[in-house]
Amino acid sequence: GGVRVDELAERYGTPLFVYDEDHLRARCREAVEAFGPGVAYASKAFTCRAMANLAHREGMSVDVATGGELHVALQAGVPARNITLHGNNKSREELYDAMWAGVGRVVVDSFDEIDRIRKLVNQGMRAPKVMVRVTPGIEVHTFDEVQTGQEDSKFGFGWHSGAAAEAVARGRAEGFHLVGLHVHIGR
């Protein structure tokens, strides 16, 4: 943004996080233009109220992976309908908070999670819109630790094993509003 980092460090001290707001806004606009409204900012990349609000104001939805990220997005003024709760091993409390707030979508990635959502619905919560996280059997050439799309991934439901089809069937049987599949290959 044309500001010298050494001058910022002298003025504010270190450590110091510096972001170029114009650059961030331009990247958000590019994403919305390329993928359409509803493209999501992954708050796990960097989350604070200002960033969540900026992404929202530039037409993006916000993808949260924890209850803390959900809280930040809601406090930033992001409408719950524009938030997707994503992330593995979501607790009952995180699911409850998201469903109570009325998040737009929940990405499910385990049968245990389907069971937790079912119990909440049986206790009177409104059934959420759900996306099923699928592991498509794609291996990318990167570090093993960040791969998530290969067949033996611990995240999501295997496509080739039939687990994804079973998850969709269970979700439908539970009355969830299935709105799509979610695929991440980890790169």
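Model, not experiment: these values are computed from the prediction.

Thresholds applied
Residues numbered from 1 in each chain as written. Predicted model: local features only at pLDDT ≥ 70, side-chain atom pairs only at ≥ 80, totals over all residues. Heavy atoms only, no water. Helix = DSSP H or I, 4+ residues; strand = E, 2+ residues; numbered from the N terminus. Buried < 20%, exposed > 50% of the residue type's maximum accessible area, 1.4 Å probe, protein only. Contact = heavy atoms within 4.5 Å. Polar contact = N/O pair within 3.5 Å; in protein donor to acceptor, adjacent residues only side chain to side chain. Axes fitted to C-alpha atoms, helices over the stretch in contact; angles between N-to-C directions. Parallel < 35°, antiparallel > 145°, perpendicular 65-115°, else oblique. Nonpolar A, V, L, I, M, F, W, Y, C, P; charged D, E, K, R; others polar. Left-handed = near helix turned anticlockwise from the far one by under 90°. Core = buried A, V, L, I, M, F, W, Y, C linked by side-chain atoms within 4.5 Å. Salt bridge = Lys/Arg side-chain N within 4 Å of Asp/Glu carboxyl O.

Chemist: Explain the environment of Glu174 residue by residue, including any values.
Modeler: Mapped onto the elements of the fold, Glu174 is located in the loop between helix H7 (163-173) and strand E7 (177-183). Exposure remark for Glu174: the relative accessible area of 27% places this residue in the partly exposed category. Sequence spacing of Glu174 and Lys119 is 55 residues, and the spatial spacing of their C-alpha atoms is 9.9 Å. Contact partners of Glu174, with chain neighbours within four places excluded, come to Ile114 and Arg118.

Chemist: Could you give an account of the side chain of Lys90, with specific residues and numbers?
Modeler: Tracing the sequence through the fold places Lys90 in the loop between strand E3 (83-85) and helix H5 (92-101). Judged by relative accessible area, Lys90 falls into the buried class, the value being 1%. In this structure the side chain of Lys90 is engaged in a polar contact, spanning 2.8 Å, whose partner is the backbone oxygen of Val107. Not counting chain neighbours up to four residues away, the residues in contact with Lys90 comprise Leu85, Leu95, Val106, Val107, Glu113 and Arg116.

Chemist: Residue-level account of the packing of helix H6 (residues 111-122) against H7, with values.
Modeler: Here H6 crosses H7 at 5 degrees, and the two axes come no closer than 11 Å. Comparing their axes, H7 and H6 come out roughly parallel. Contacts between H6 and H7 pair Phe111, Ile114 and Asp115 from the former with Ala163, Glu166, Ala167 and Arg170 from the latter. Along the lines of polarity and charge, the residues of the contact of H6 with H7 split into four nonpolar, no polar and three charged.

Chemist: Could you give me a rundown of the packing of H5 against H6, with the residues and numbers involved?
Modeler: Two numbers describe how H5 lies on H6: the axes approach to 10 Å, and their chain directions differ by 50 degrees. Classified by the interaxial angle, the pair formed by H5 and H6 is oblique. Our pair here, H5 against H6, has a crossing hand that is right-handed. Along its contact with H5, which presents Arg92, Leu95, Tyr96 and Met99, the element H6 presents Glu113, Arg116, Ile117, Leu120 and Val121. For the contact of H5 with H6, a count of residues per class yields six nonpolar, no polar and three charged.

Chemist: Talk me through the nonpolar core; I want residue IDs and the actual numbers.
Modeler: One finds Val108 and Phe157 to be the most contacted residues of the largest nonpolar core, which totals 28 residues. Mapped by element, the contributors of at least two residues to this core are strand E2 (61-64), helix H4 (67-75), E3, H5, strand E4 (105-108), H6, strand E5 (129-135) and H7. For this core, the leading source of residues is H7, giving four residues. Of all hydrophobic cores here, the second largest spans nine residues; its members include Val32, Val39, Tyr41 and Met60.

Chemist: Give a description of the pattern of salt bridges that names residues and reports values.
Modeler: Under the definition given, this model contains ten salt bridges. For the salt bridge of Arg29 with Glu58, the shortest nitrogen-to-oxygen distance reads 2.9 Å. Residue Arg29 is found in helix H2 (residues 21-35), and its partner Glu58 is found in the loop between helix H3 (49-57) and E2; the two are separated by 29 residues along the sequence. For Glu58, a relative accessible area of 14% gives the class buried. Put simply, Arg118 and Glu174 hold a salt bridge, and the shortest N to O gap is 3.5 Å.

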